[in-house]
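Summary of the model geometry
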Amino acid sequence: MLDTVLFIAFPYVAVILATVVGIYRYYSDRFSFSSFSSQFLESRRLFWGSVPWHYGIVTILSVHLFAFFFPGAWAALTADPTRLYIIEVTGMALALVSIVGISLLVLRRMSDDRVRVVTTWADWLLILALLVQVILGFWVSFFYRWGSDWFLRTAQPWLLSLVVFQPNIEYVSALPLVVKWHHLWGFVIICIFPFTRLV
């Protein structure tokens, strides 16, 4: 029953909430869609945090999306053990780069009075959620090896079953708890983001 709530109901609630709140904010308060950049308040430490964070996380997200939309091509790519090993090591390195980057951004927001003043509670919540997700992703890749390959037999078909409105939790119900949390935490971020400037 809990798996049904977490892996079927919750993803749909997260996506519906994100869509409805995003549309509502767009029509009721378009100014809230703008990003209040803190770059003018402090730019040196922003650079050292922002660059590794963005390069790391954009690459990781792109690979996740590629594997989801092109499972055949991804299966062919990971079929060779050498390529699979390189992908795994590269993914862990990118996760570490992302963790370092977002940690530097958190320290910057905490230590600079001017930046801290313009940081809202929603900003803190989102930053914390992103940090947790990247740590969970690194944990999964480090302790449950070859995720690049078994993603195609677990997360990809589960997500696809949600997209086509034929949810099937059998793909993920037997996974280790940390892997489940990594899957679910992405939907937690989707729940949070319409209330933040990330929208």
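Predicted, not measured: the structure shown is a model, and the values here were computed from it. (Residues numbered from 1 in each chain as written. Predicted model: local features only at pLDDT ≥ 70, side-chain atom pairs only at ≥ 80, totals over all residues. Heavy atoms only, no water.)

**Side note on the overall build of the protein**
- Looking only at helices and strands, the protein features nine helices and zero strands.
- The helix and strand sequence of the protein, counted from the amino end, reads α-α-α-α-α-α-α-α-α.
- Its C-alpha atoms give the protein a radius of gyration of 18 Å, within 12% of the compact-globule value 16 Å for 199 residues.
- Considering only C-alpha atoms, the protein reaches an extent of 50 × 40 × 25 Å along its principal axes. (Helix = DSSP H or I, 4+ residues; strand = E, 2+ residues; numbered from the N terminus. Rg over C-alpha atoms; globule rule 2.2 N^0.38 Å.)

**As for a nonpolar patch on the surface**
- A cluster of nonpolar side chains, Phe 47, Trp 48, Val 100, Leu 104, Leu 107 and Met 110, forms an exposed patch at the surface whose accessible area comes to about 620 Å².
- Looking at the nonpolar patch, the elements that each hand over two or more residues are helix 2 (44–69) and helix 4 (81–111).
- Tallying contributions element by element places helix 4 first for the nonpolar patch, with four residues.
- Tracing the sequence through the fold places Met 110 in helix 4. (Patch = residues over 30% accessible without salt bridge, like charges linked within 9 Å, V, L, I, M, F, W, Y side chains within 5 Å. Areas by Shrake-Rupley, 256 points an atom, 1.4 Å probe, with all protein chains shown as cover. Salt bridge = Lys/Arg side-chain N within 4 Å of Asp/Glu carboxyl O.)

**Focus: helix 9 (residues 177–192)**
- The end-to-end C-alpha distance of helix 9 is 22 Å, a good match for the 22 Å that 16 residues give at a rise of 1.5 Å each.
- Those residues of helix 9 that sit buried are Val 179, Lys 180, His 182, His 183, Leu 184, Phe 187, Val 188, Ile 189, Cys 191 and Ile 192. (Expected span 1.5 Å × (residues − 1). Buried < 20%, exposed > 50% of the residue type's maximum accessible area, 1.4 Å probe, protein only.)

**Examining the nonpolar core**
- Counting residues in each nonpolar core, the largest one holds twelve residues, listed as Phe 7, Ala 14, Val 140, Trp 158, Leu 162, Ile 169, Val 172, Leu 175, Val 179, Leu 184, Phe 187 and Cys 191.
- For this core, the secondary-structure elements that each account for two or more residues are helix 1 (2–28), helix 8 (155–163) and helix 9.
- Of all hydrophobic cores here, the second largest spans ten residues; its members include Ile 57, Ile 102, Leu 105 and Val 134. (Core = buried A, V, L, I, M, F, W, Y, C linked by side-chain atoms within 4.5 Å.)

**Focus on the packing of aromatic side chains**
- Tallying each qualifying case throughout the model produces twelve aromatic pairs.
- For the pair Trp 158 and Phe 187, a centre-to-centre distance of 6.0 Å together with 80 degrees between the ring planes defines the contact as edge-to-face. Of the two residues, Trp 158 is situated in helix 8 and Phe 187 in helix 9; the sequence distance between them amounts to 29 residues.
- Following the ring pairs from residue to residue traces out a cluster consisting of Phe 138, Trp 139, Phe 142 and Phe 143. (Phe/Tyr/Trp six-rings, centres within 6.5 Å; stacked < 30°, edge-to-face > 60°.)

**Considerations on the pattern of salt bridges**
- Taken as a whole and assessed by the stated rule, the structure comprises two salt bridges.
- Note that Asp 3 and Lys 180 form a salt bridge whose closest N and O atoms lie 3.6 Å from each other. Remark: Lys 180 occurs in helix 9 and Asp 3 occurs in helix 1; sequence separation between them is 177 residues.
- In this structure, Asp 149 engages Arg 153 in a salt bridge whose closest nitrogen and oxygen atoms are separated by 3.3 Å.
- Residue Asp 149 is classed as partly exposed on the basis of its relative accessible area, which comes to 24%.

**Describing the packing of helix 3 (residues 71–78) against helix 4**
- Here helix 3 crosses helix 4 at 105 degrees, and the two axes come no closer than 7 Å. When the axis of helix 3 is compared with that of helix 4, the two are roughly perpendicular. Touching Trp 74, Ala 76, Leu 77 and Thr 78 of helix 3 are Arg 83, Leu 84 and Ile 87, all from helix 4.
- For the contact of helix 3 with helix 4, the residue count by class is five nonpolar, one polar and one charged. (Axes fitted to C-alpha atoms, helices over the stretch in contact; angles between N-to-C directions. Parallel < 35°, antiparallel > 145°, perpendicular 65-115°, else oblique. Contact = heavy atoms within 4.5 Å. Nonpolar A, V, L, I, M, F, W, Y, C, P; charged D, E, K, R; others polar.)

**Observations concerning unusual backbone geometry**
- Although it is not a glycine, Trp 146 adopts a positive phi angle of roughly 65 degrees.
- Following the sequence through the fold, Trp 146 ends up in the loop between helix 6 (121–143) and helix 7 (147–150).
- Take Trp 146: its relative accessible area is 39%, and that puts it in the partly exposed class.
- If you check the backbone angles, Phe 165 has positive phi at about 60 degrees while not being a glycine.
- With respect to the helices and strands, the residue Phe 165 is situated in the loop between helix 8 and helix 9.
- What makes Phe 165 exposed here is its relative accessible area of 65%.

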